[in-house]
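Spelled out, the chains give:
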Amino acid sequence: MSLDLSQILLFGALLLAAGAVAGITAGLLGVGGGIVIVPVLWHLFSALGIDEDVRMHVAVGTSLASIIATSISSVRSHHKRGAVDFALLKSWGPWIFLGVLCGTALASYVRGPVLSAVFATVALIVSLHMGFAKPEWRLAETLPKGAPKALLAGTIGTISAMMGIGGGTLSVPILSLFGYPIHRAVGTAAAIGFIIGIPGAIGFVLAGWNVPGLPPFSLGYISLIGFALIFPTSTLLAPYGARLAHGLNTRNLKRVFAVFLGFTALRMFYDLLT
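Calculation criteria
Residues numbered from 1 in each chain as written. Predicted model: local features only at pLDDT ≥ 70, side-chain atom pairs only at ≥ 80, totals over all residues. Heavy atoms only, no water. Helix = DSSP H or I, 4+ residues; strand = E, 2+ residues; numbered from the N terminus. Expected span 1.5 Å × (residues − 1). Buried < 20%, exposed > 50% of the residue type's maximum accessible area, 1.4 Å probe, protein only. Salt bridge = Lys/Arg side-chain N within 4 Å of Asp/Glu carboxyl O. Axes fitted to C-alpha atoms, helices over the stretch in contact; angles between N-to-C directions. Parallel < 35°, antiparallel > 145°, perpendicular 65-115°, else oblique. Left-handed = near helix turned anticlockwise from the far one by under 90°. Contact = heavy atoms within 4.5 Å. Nonpolar A, V, L, I, M, F, W, Y, C, P; charged D, E, K, R; others polar. Patch = residues over 30% accessible without salt bridge, like charges linked within 9 Å, V, L, I, M, F, W, Y side chains within 5 Å. Areas by Shrake-Rupley, 256 points an atom, 1.4 Å probe, with all protein chains shown as cover. Lys, Arg positive; Asp, Glu negative; His and termini not counted. Charge placed at Lys NZ, Arg CZ, Asp CG, Glu CD. pLDDT = per-residue confidence, 0-100. Core = buried A, V, L, I, M, F, W, Y, C linked by side-chain atoms within 4.5 Å.

*Asks:* Mind laying out helix 2 (residues 34-47), listing which residues take part and the relevant values?
*Replies:* Across its 14 residues, helix 2 extends 20 Å between first and last C-alpha, which sits within 8% of the 20 Å expected from 1.5 Å per residue. Taking burial as the measure, the 14 residues of helix 2 include 10 buried ones, the bulk of the element. G34, I35, V36, I37, V38, P39, L41, W42, L44 and F45 are the residues of helix 2 that are buried. Downstream of helix 2 by one or two residues, G49 has phi in the positive range, about 80 degrees.

*Asks:* Could you give an account of the pattern of salt bridges, naming the residues involved and the relevant values?
*Replies:* The tally for this structure, following the rule as stated, stands at 2 salt bridges. A salt bridge links R111 to D53; the nearest nitrogen and oxygen atoms lie 3.1 Å apart. Residue R111 is located in the loop between helix 4 (86-109) and helix 5 (112-132), and its partner D53 is located in helix 3 (residues 52-80); the two are separated by 58 residues in the primary sequence. A salt bridge links D85 to R184, with the shortest nitrogen-to-oxygen separation between them at 3.6 Å. One end of the pair, D85, is in the loop between helix 3 and helix 4; the other, R184, is in helix 8 (residues 182-207), and 99 residues separate them in sequence. By relative accessible area, which is 14% here, D85 ends up buried. Judged by its relative accessible area of 28%, R184 falls in the partly exposed class.

*Asks:* Hey, could you go over the packing of helix 4 against helix 8 for me, with residue numbers and the actual values?
*Replies:* A pair of packed helices can be characterised by two numbers: the angle between their axes and the separation between those axes. Their axes nearest at 9 Å, the elements helix 4 and helix 8 cross at an angle of 30 degrees. Classified by the angle their axes make, helix 4 and helix 8 are roughly parallel. The handedness of the crossing between helix 4 and helix 8 comes out as right-handed. Two secondary-structure elements touch here, helix 4 through L88, L89, G93, I96, F97, V100, L101, T104, A107 and S108 and helix 8 through T188, A191, I192, I195, I196, P199, G200, G203, F204 and A207. Of the residues that constitute the contact of helix 4 with helix 8, the class distribution is 14 nonpolar, 6 polar and no charged.

*Asks:* Which residues make up a positive patch on the surface, and what values go with them?
*Replies:* On the surface, a cluster of positive charge is made up of K134, R251, K254 and R255. Note that R255 resides in helix 10 (residues 250-273). Since its relative accessible area comes to 38%, R255 is described here as partly exposed.

*Asks:* So, the confidence of the model for the chain: which residues are in play, and what are the values?
*Replies:* Mean pLDDT over the chain stands at 83; residues scoring 70 or higher make up 93%. Here helix 1 (residues 5-29) is the element of the chain with the lowest mean pLDDT, 77, and helix 4 is the one with the highest, 93.

*Asks:* Break down the nonpolar core for me, with residues and values.
*Replies:* Formed by 66 residues in total, the largest nonpolar core has its most connected members in I35, M56, W92 and F119. Examining the composition of this core, we find that 9 residues originate from one element, helix 3, more than from any other. Those residues in contact with W92 that lie beyond four places of it in its chain are L143, K149, L152, A153, I156 and L175.

*Asks:* Describe the environment of G82, listing the residues and the values that go with them.
*Replies:* Within the secondary structure, G82 is located in the loop between helix 3 and helix 4. Sequence-wise, G82 and H183 are 101 residues apart; in three dimensions their C-alpha atoms are separated by 9.6 Å.

Shown next, in the form of structure tokens:
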């Protein structure tokens, strides 16, 4: 498809804003920027009339590419504070990587509406968890081992790749449910985002190569304009979000974000059913 200059400029301005919101939200709430970037891109691509069969794929692919850059900065910051568990990464990393390969392969074969349904379903679950979960909730006091560990880590990788999100949105609440310290969960999740982002982004480039109906300046299913405008603002503003978190009621902020995420999920379901 082709866009005129005014549409491209509007597209760029909204992407800058999306990156800013993603960065601040990530710093405030400890979630990955992808959970903000994907629905914003999905709404934006819908407004621009981008083909339904590719809009969700491009939103997911662009988000995965941006995660690579932002996770590097985040990991360095958390590592300085000793909040990255490299032993856990060594144990879970291979299974997450395999899960990402599976999720990317699945995403390349399913139609856009199916990918939207996956995102909407998981986003609704995450919104309910953010809105109603209590800190003391536990599934167990220690992390699983053996086959359960492989299944859990692989599932995180698969779903994250299909949704275009990094490690935080799924791994932080999951680790917390097993009694894992929250600060180490957030820091380790940043590194998980790097494991997810690289193979996921490469897979979406290859899967979208020469696919018709892509936005201008796309590399496979990755919007180069989106990548270039999102990751600088998200990386720049994430530390400001973290500072704000110390002076604001994060529980109320989580509830507000849960409403936004729940509304987005329901809107996606509505579009899929009408």
